[in-house]
Protein chains: 2
Amino acid sequence: MANEHIPYKIYLEEKEMPTAWYNLRADMKNKPAPLLNPGTHRPMRAQELSGVFCDELIRQELDNDTPYFEIPEEIRSFYKMYRPSPLVRAYCLEEKLQTPAKIYYKFEGNNTSGSHKLNSAIAQAYYAKKQGLKGVTTETGAGQWGTALSMACSYFGLDCKVYMVKCSYEQKPFRREVMRTYGASVTPSPSMETEVGRKILAEHPGTTGSLGCAISEAVEKAVTSQGYRYVLGSVLNQVLLHQSVIGLETKTALDKYGIKPDIITGCAGGGSNLGGLIAPFMGQKLRGEADYRFIAVEPASCPSFTRGVYAYDFCDTGMVCPLAKMYTLGSGFIPSPNHAGGLRYHGMSSILSQLYHDGLMEAVSVKQTEVFEAAEQFARVEGILPAPESSHAIRVAIDEALKCKETGEAKTIVFGLTGTGYFDMVAYEKFHNGEMSDYIPTDEELQQYAARLPKID
Amino acid sequence: MANEHIPYKIYLEEKEMPTAWYNLRADMKNKPAPLLNPGTHRPMRAQELSGVFCDELIRQELDNDTPYFEIPEEIRSFYKMYRPSPLVRAYCLEEKLQTPAKIYYKFEGNNTSGSHKLNSAIAQAYYAKKQGLKGVTTETGAGQWGTALSMACSYFGLDCKVYMVKCSYEQKPFRREVMRTYGASVTPSPSMETEVGRKILAEHPGTTGSLGCAISEAVEKAVTSQGYRYVLGSVLNQVLLHQSVIGLETKTALDKYGIKPDIITGCAGGGSNLGGLIAPFMGQKLRGEADYRFIAVEPASCPSFTRGVYAYDFCDTGMVCPLAKMYTLGSGFIPSPNHAGGLRYHGMSSILSQLYHDGLMEAVSVKQTEVFEAAEQFARVEGILPAPESSHAIRVAIDEALKCKETGEAKTIVFGLTGTGYFDMVAYEKFHNGEMSDYIPTDEELQQYAARLPKID
């Protein structure tokens, strides 16, 4: 315990909490590529998006220049119920590893949704309410986003309609019940409620659904219902904006104790957590004020950054959403069963994709079994049972700390611990029983999907 | 939001954390009645208990005079990983209820075991390790205690053997997997591993087990295995001593902001949480320094305080443990299915029983459906999904706050929120589906069990 004056957990005071979200795009020289209309291949304008998204969220989505967006008072009040989240010094893990490295993690799992998703859910629900809408629709796979959104909607008295991928709906009845506790209606997808759902059911009777199909149903429902809009929990610029609260708190806490990180790492599925965590630090790097190593961690089974291509692609498998330029495996790519449900997305946030393309960030992929080994090691010494998604970052933090042990360097490593694994015990059980798959897609498979990417000039 | 200077969450600093546990018995004029040897009916001596419990824990169990026990450095280090727990001002609940009351709750669910049980588990594991033991045995019903103990044993490298009531083992595979993640061995009880287990299986083939049977198996295993002792998560004096950390932190946090509670309430099964929460406040009351209303909340289906008798009884249904004087329904009493598994115990801590008997504390019983209504209301405005046990306290806190609304009094209510309900979604599902039972035992039923209490002079 080298730095005796640094507590196990650094909690900011209420008055130290951020009052504005930070828009990293304002400091990017190369801005993320704009969303394109899937029909015309021209940049989407606000007007074209207004049937799908709330007006204020569209403004946030398209604004590449304003560096700060004030956090409305109502959202700050809600944040105060579960934030600031602790920045934890992993003293016990350091001791276990016998490493000179100093490891910190920003823990976002201390709320009932169990993850960082709530940071954006409450913002999106607020703007929907402010616009006078009746409710919002969304899809959920693993269920963390659906849970967060149902909590947020319950708080503002908004109707919440969740399309849950049918196999998850059946396999995760507890997740479904948490959403019902918060008053959300949860429909297994595909359903008979939408045209696209009926079409899919007619073509594939007995299908257990997919995230792409659930997105299509949620969008259709929003567009065809009076007073409803669609909301999304990751990938979009607006979501990374809201999630900057993670990085801003982390930076304030580190600054308070004069700590300068060497490495900042987090798991990346759509990119909402990593984008939020690194935002203010990457801003410093872009402005030439400081330098850090940033590492995105993705599963080897769904390696968008490390083996994908940087190109325009559909955000959904149903191909109804706008085109986004991103590192992608192709919207038709279906990863092998991987328990980190939140990391199974075929693409990646446009902002992170641009930063990676510009060489400002690294990426590594890790195998599932290695991830669960790290998860269990972490759980046993640090007490927290981590979500499989978060455990990807734990794996890399441990690996980097072990490198320090070899070299003798006392690097400071900060990673994002996005959530808890209470609803992922089936995956832990498979791990304990030695039944976990480490399948990695072949080059041929990846080429096959990449070949079907839309052709954009 | 009347008191703008009081934050939503009061977190103590590390240096403000308690360095000693408070032993309420030292301030009690009427000491709790001693444990009796079930054969001789004479007070148990340390020597008689040493085959079952660790030496230091026996010392703590039997000491009615020492007011403070220093918390060893190793335990304080572990506490720092998940403590101090927040004292939360329930601003959102107050606003929802439109009450002038000020409501606070001490939230003990912010750790992977999901409850306050970890506070004593880590202490008991520490003393076992210090005594050079190989491991400990215990039983678990709902699974919170077993989870906490497995985390504590994993931290100190102790073997942990958990007998889990068979029906819970089968119905709660996720709880089981969490314990396995922490390296515990989990055996469904009754098992073929112990004499008592084999006997029960021979007499009742296909039985799904009971807590009493699991206790008997755990005790037998401890007594017959070299280097093992038995540990228990509630009821005992030593457990209330360790849990005083809850009340000490609460008092420091309230004092820091000059807040004086009028009512302090918590759920009571064996009494570990309530006893810990009220300890320092009750100490003040006993010393004549301050006055508070204390309210113990129990389920109407298992009403030890409100409808039980104050008498010596067996702590276990197998009748192998010492006799304790307590409010009890009789060790043969089996409550109707009630989802608050942690509140199904037939008896109550001797310390709390004596205080209740002396008129220093009140008790109320509440029906299950009303408890879940309170739980859902709380979850929707305060964000946290409460455990069914904890929700008993929420019910009473809301009821008292609504009385304040009628009378216009701005009372300060503090309640213990002992844990989270992530592993209790089956109960929530029954509540949502209107399938929850509110069965209350008849007077005849209770008299039948009370008639079988052991006869002690």
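S.K.: Before we go on, may I ask you to explain the overall build of chain A in this structure?
M.R.: Counting its regular elements, chain A contains 18 helices and 15 strands. Taking 23 Å as the expected radius of gyration for a compact globule of 457 residues, we find that chain A reaches 21 Å, a close match to that expectation. With the principal axes as the frame, chain A shows a C-alpha extent of 60 × 50 × 50 Å. Out of the 457 residues in chain A, the part that is buried amounts to 66%. By sequence separation, contacts in chain A at least 24 residues apart represent 76% of the contacts at least 6 residues apart. Summed over its atoms, the accessible surface of chain A is roughly 15,800 Å², and 49% of this surface lies on carbon and sulfur atoms. In chain A, which carries 47 positive and 53 negative side-chain charges, the distance between the mean positions of the two groups comes to 2 Å.

S.K.: What's the story with the pairing of strand β6 (residues 135–140) of chain A in this structure? I'm lost.
M.R.: The side chains of a regular strand alternate, residue by residue, between the two faces of the sheet. Residue and element names in this part refer to chain A. Buried residues dominate β6, accounting for six of its six residues. Residues Gly135, Thr137 and Glu139 line one face of β6 and the alternating positions Val136, Thr138 and Thr140 line the opposite face, and both faces are buried. Where β6 and strand β7 (residues 159–165) come together, six bridges link them in parallel fashion. Each residue of the ladder has a partner; that of Thr137, found in β7, is Lys161. Relative to strand β9 (residues 228–230), β6 runs parallel, the two sharing three bridges. Within β9, the position partnered with Val136 by the bridge is Arg229.

S.K.: I'm lost on the interface of chain A and chain B in this one. Help?
M.R.: The figure often quoted for interface size is the accessible area lost as the parts come together. Between chain A and chain B, the residue contacts involve 42 residues of the former and 42 residues of the latter. In terms of surface lost to chain B, no three residues of chain A exceed A:Phe174, A:Thr181 and A:Tyr422, which account for 17% of the buried area on that side. The interface formed by chain A and chain B contains two salt bridges. At the junction of chain A and chain B, the tally comes to 25 residue pairs in polar contact (both at pLDDT 80 or more). Elements with a contribution of two residues or more to the side of chain A that touches chain B: α3 (73–82), α6 (144–156), α8 (173–181), α15 (368–382) and α17 (425–432) of chain A. Take the side of chain A that touches chain B: its biggest share by element is six residues, from α8(A). Here the side of chain A that touches chain B is built from residues that sort into 21 nonpolar, 10 polar and 11 charged.

S.K.: Help me understand the sheet that holds β6(A), please; the structure alone is not making it clear to me.
M.R.: Residue and element names in this part refer to chain A. Spatially, four strands are ordered β8-β7-β6-β9 in an open sheet, and the strand pairing comes out parallel. The sheet is open, and its two borders are formed by β8 (185–189) and β9, each paired with just one other strand. Adjacent strand axes in the sheet meet at a mean angle of 25°, parallel and antiparallel pairs treated alike. Helix-sheet contacts for α6 involve β6 and β7, and the interaxial angle to β6 is about 165°. α8 contacts β6, β7 and β8 of the sheet and is inclined by roughly 170° relative to β7.

S.K.: Can you help me understand the nonpolar core in this one?
M.R.: Where a protein is soluble and globular, its nonpolar side chains tend to be buried together. Within the largest apolar cluster, 241 residues are counted, with the highest numbers of intra-cluster contacts made by A:Trp21, B:Trp21 and B:Met361. Counting 23 residues, the second largest nonpolar core, distinct from the first, contains A:Val52, A:Val165, A:Ala218 and A:Tyr345.

S.K.: Got a minute to help me understand unusual backbone geometry in this structure?
M.R.: Note: most peptide bonds trans; most residues except glycine with negative phi. Residues and elements named next belong to chain B. In this structure, Pro84 follows Arg83 across a cis peptide bond, with omega equal to -10°. Relative to the helices and strands, Pro84 is located in the loop between α3 (73–82) and β4 (87–89). In this chain, Ser189 is followed by Pro190 through a cis amide linkage whose omega measures 5°. Take Pro190: it is sitting in the loop between β8 (185–189) and α9 (195–203). One non-glycine residue, Val235, lies in the positive phi region at around 65°.

S.K.: I would appreciate a short explanation of the packing of helix α5 (residues 118–130) of chain B against helix α11 (residues 237–256) of chain B in the present structure.
M.R.: A pair of packed helices is captured by two measures, namely the crossing angle of their axes and the spacing between those axes. Residue and element names in this part refer to chain B. It is the contact of α5 with α11, at a shortest axis distance of 8 Å, that shows an interaxial angle of 125°. Comparing their axes, α11 and α5 come out oblique. Viewed along their axes, α5 and α11 form a crossing whose handedness is right-handed. Contacts between α5 and α11 involve Asn119, Ser120, Ala123 and Gln124 on the former and, on the latter, Gln238, Val239, His242, Gln243, Val245 and Ile246. Residue classes in the contact of α5 with α11 are distributed as four nonpolar, six polar and no charged.

S.K.: Hey, could you run me through the relation of the copies chain A and chain B in this one?
M.R.: One copy of the chain maps onto the other through a rotation about an axis followed by a shift along the same axis. Mapping chain A onto chain B leaves a residual RMSD of 0.0 Å; the transformation is a rotation of 180° accompanied by 0.0 Å of translation along its axis. These values place the two chain copies in the arrangement generated by a two-fold rotation axis.

S.K.: It is not clear to me how the pattern of salt bridges should be interpreted in this structure. Could you clarify?
M.R.: Pairs can form between side chains of opposite charge once their charged atoms are near each other. All names here are of chain A. One pass over the structure, following the stated rule, counts 50 salt bridges over all chains. A salt bridge links Lys256 to Glu16, with the nearest nitrogen and oxygen atoms 3.0 Å apart. Highlighted residues: Lys256 in helix α11 (residues 237–256) and Glu16 in the loop between β1 (9–10) and β2 (20–22), separated in sequence by 240 residues. Of the charged contacts, one joins Glu73 and Arg76 as a salt bridge, the two residues approaching to 3.8 Å between their closest N and O atoms. In this pair, Glu73 and Arg76 both sit in helix α3, three residues apart, roughly one turn of the helix. Residue classification places Arg76 among the partly exposed positions, given a relative accessible area of 23%. A cluster of three or more residues bridged by salt bridges with shared partners is formed by Arg83, Lys106, Glu108 and Glu249.

S.K.: Hey, could you run me through the side chain of A:Arg89 in this one?
M.R.: Tracing the sequence through the fold places A:Arg89 in strand β4 (residues 87–89). A distance of 3.4 Å separates the side chain of A:Arg89 from the side chain of A:Tyr104, its partner in a polar contact.

S.K.: Looking at this structure, I do not really get the environment of B:Gly227. What am I missing?
M.R.: Residues and elements named next belong to chain B. Along the polypeptide, Gly227 turns up in the loop between α10 (211–224) and β9 (228–230). Remark: the alpha-carbon pair of Gly227 and Leu133, spanning 94 residues in sequence, is separated by 4.7 Å. Other than its neighbours up to four places away in sequence, Gly227 contacts Leu133, Lys134 and Gly135.

S.K.: I tried to follow α11(B) on my own but got confused; where do I start?
M.R.: Along an α-helix, residues three or four positions apart point the same way, because every turn accommodates 3.6 residues. All names here are of chain B. Helix length check: α11 (20 residues) gives 29 Å between terminal C-alpha atoms against 28 Å at 1.5 Å per residue, within 8%. Bending of α11 peaks at approximately 30° at the position of Gln243. Most of α11 sits inside the fold, with 17 of its 20 residues counted as buried. Downstream of α11 by one or two residues, Gly258 has phi in the positive range, about 65°.

S.K.: Looking at this structure, I do not really get the confidence of the model for chain A. What am I missing?
M.R.: When pLDDT is low, close inspection of the predicted coordinates is not appropriate. Mean pLDDT over chain A stands at 93; residues scoring 70 or higher make up 98%. We note a pTM of 0.91 for the whole complex and an ipTM of 0.85 for its interfaces.

S.K.: Sorry, what's going on with the packing of aromatic side chains here?
M.R.: The relation between two aromatic rings is expressed through the spacing of the ring centres and the mutual angle of the planes. For the structure on display, the rule yields 47 aromatic pairs over all chains. Their ring planes at 80° and their centres at 6.0 Å tell us that A:Phe174 and B:Phe174 sit as a pair that is edge-to-face. Residue A:Phe174 is located in helix α8, and its partner B:Phe174 is located in helix α8 (residues 173–181); the two belong to separate chains. Here A:Phe174 falls in the buried class, since its relative accessible area comes to 17%. When the ring of A:Phe372 is compared with that of A:Tyr428, the centres are 5.1 Å apart and the planes differ by 80°; the resulting orientation is edge-to-face. Taken together, the residues A:Phe372 in helix α15 and A:Tyr428 in helix α17 connect sequence positions 56 residues apart. Take A:Phe372 and A:Tyr428: they sit in the same class, and that class is buried.

S.K.: Looking at this structure, how should I read the environment of A:Ser85?
M.R.: Residue and element names in this part refer to chain A. Inspection of the secondary structure puts Ser85 in the loop between α3 and β4. A sequence separation of 167 residues divides Ser85 from Thr252, and the C-alpha atoms of the two residues are 12 Å apart. Not counting residues up to four positions away in its chain, the partners in contact with Ser85 are Ile10, Tyr11, Lys106, Phe107, Glu108 and Glu249. For Ser85, the side chain forms a polar contact with the side chain of Arg83, separated by 3.4 Å.

Criteria and thresholds
- Residues numbered from 1 in each chain as written.
- Chains lettered and ligands numbered in written order.
- Predicted model: local features only at pLDDT ≥ 70, side-chain atom pairs only at ≥ 80, totals over all residues.
- Heavy atoms only, no water.
- Helix = DSSP H or I, 4+ residues; strand = E, 2+ residues; numbered from the N terminus.
- Rg over C-alpha atoms; globule rule 2.2 N^0.38 Å.
- Buried < 20%, exposed > 50% of the residue type's maximum accessible area, 1.4 Å probe, protein only.
- Contact = heavy atoms within 4.5 Å.
- Areas by Shrake-Rupley, 256 points an atom, 1.4 Å probe, with all protein chains shown as cover.
- Lys, Arg positive; Asp, Glu negative; His and termini not counted.
- Charge placed at Lys NZ, Arg CZ, Asp CG, Glu CD.
- Pairing = 2+ DSSP bridges.
- Buried area = accessible area lost by both parts, 1.4 Å probe.
- Salt bridge = Lys/Arg side-chain N within 4 Å of Asp/Glu carboxyl O.
- Polar contact = N/O pair within 3.5 Å; in protein donor to acceptor, adjacent residues only side chain to side chain.
- Nonpolar A, V, L, I, M, F, W, Y, C, P; charged D, E, K, R; others polar.
- Axes fitted to C-alpha atoms, helices over the stretch in contact; angles between N-to-C directions.
- Core = buried A, V, L, I, M, F, W, Y, C linked by side-chain atoms within 4.5 Å.
- Parallel < 35°, antiparallel > 145°, perpendicular 65-115°, else oblique.
- Left-handed = near helix turned anticlockwise from the far one by under 90°.
- Least-squares fit on C-alpha atoms with pLDDT ≥ 70 in both.
- Expected span 1.5 Å × (residues − 1).
- Bend = angle between axes of the 7 residues up to and from the residue.
- pLDDT = per-residue confidence, 0-100.
- Phe/Tyr/Trp six-rings, centres within 6.5 Å; stacked < 30°, edge-to-face > 60°.

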